[in-house]
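# Topology and contacts: notes
Listed below are the residues making up each chain.
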Amino acid sequence: MSTVKTSKNAAYTGLFAAVAASSCCIPPVIALIAGVGGSASALSWMESFRPYLIGIAVIAIGYAWYDYLKPKKAEDCCEVDAKPKWFQTKGFLIGITLFAAISISFPYYAHIFYLDNKKEVLIVNQSNIHTINFDIKGMTCASCEEHVNHEVNKLDGIVTSKVSYENGNAIIEFDQTKTNETEIEKAINSTGYKVTDKKQTN
């Protein structure tokens, strides 16, 4: 296999690995935009492979840069006048590197895609306010948290919604005269993540 082809394959491998590294977090945003919440957790199983995929991306793109920057052999010098193919240019490598970096860091800025849809809730009677802890399966990153928060806050009567992918739960405070735990559970399940247990905390 030629050096040029190896370098090109390394760049594409790095790009694919970078996108795959965040594939657990990208679907919730796509699901939000497309309005197909149930598919949000489809690739959550990829989360455990994220560190390895990031490593592959860094090594592969690093090799592509090494191959581009290393001194050319004497026999390659006669081809200096030939116009390089687009995947042999510095611009191509810069583009691949930037896109890979944006893909890898996606979980850290995904929250910007979720508009704040919290509503002001006027509490008439404090005894109507209930808090329930929902255990949720399938969340892997902050993007998952935002997706669940977004869906829950569409309901009337939600006072606070605190979702944690690290704890695998959502603590929802709501006015029982305006909504109920069944509706909240449906909203959570509509994202593709599943409520596995729930308990009242007050």
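The structure presented is a predicted model; accordingly, all values stated were derived computationally and were not measured. (Residues numbered from 1 in each chain as written. Predicted model: local features only at pLDDT ≥ 70, side-chain atom pairs only at ≥ 80, totals over all residues. Heavy atoms only, no water.)

### Observations concerning the environment of glutamate 173
Just so we agree on the cut-off: The secondary structure listing takes helices from DSSP runs of H or I that are at least 4 residues long and strands from runs of E that are at least 2 residues long, numbered from the N terminus. Contacts are assigned to residue pairs with any non-hydrogen atoms lying within 4.5 Å of each other.
Mapped onto the elements of the fold, glutamate 173 is located in strand 3 (residues 169–175). Glutamate 173 sits 16 residues away from glycine 157 along the chain, and the two C-alpha atoms are 8.7 Å apart. With residues up to four places along the chain from it excluded, the contact list for glutamate 173 reads Ile129, His130, Thr131, Gly157, Ile158, Val159 and Thr160.

### Here we look at the side chain of asparagine 169
The test is simple: Within 3.5 Å is the distance limit for a polar contact, defined as a pair of N or O atoms, with the added protein rule that one can donate a hydrogen and the other accept it, and that residues adjacent in sequence qualify only through two side-chain atoms.
Its location among the elements puts asparagine 169 in strand 3. Looking at asparagine 169, its side chain comes within polar contact range of the side chain of asparagine 133, at 3.1 Å. Those residues within four positions of asparagine 169 in sequence are excluded, and the remaining contacts are Asn133, Phe134, Asp135, Ile136, Met139, Lys162, Val163 and Ser164.

### Focus: the pairing of strand 2 (residues 158–164)
Applied cut-off: The pairing criterion for strands is at least two bridges between them, as found by DSSP.
As defined by bridge partners, strand 2 adjoins strand 3 across six bridges and the pair is classed as antiparallel. By the bridge assignment for strand 3, serine 161 is matched with isoleucine 172. The loop that links strand 2 with its antiparallel partner strand 3 comprises four residues; one of these, glycine 168, has a positive phi angle of about 65 degrees.

### Looking at the pattern of salt bridges
Our working definition: By convention in these notes, a salt bridge is any Lys or Arg side-chain nitrogen within 4 Å of a carboxyl oxygen on Asp or Glu. The buried label applies to any residue whose accessible area, calculated with a 1.4 Å probe on protein chains only, is under 20% of its type's maximum; exposed applies above 50%, and partly exposed to all values in between.
Under the criterion given, the structure shown has five salt bridges. Of the charged contacts in the structure, one is a salt bridge between glutamate 151 and lysine 154, with a shortest N-O distance of 3.1 Å. Given a relative accessible area of 15%, glutamate 151 falls into the buried group. The shortest N-O distance in the salt bridge between glutamate 181 and lysine 198 comes to 3.4 Å. Within this pair, whereas glutamate 181 is found in helix 7 (residues 181–189), its partner lysine 198 is found in strand 4 (residues 194–200), the two being separated by 17 residues in sequence. Taken together, the shared-partner salt bridges connect Glu181, Glu185 and Lys198 into one network.

Keep in mind these numbers describe shape, not what the thing actually does.
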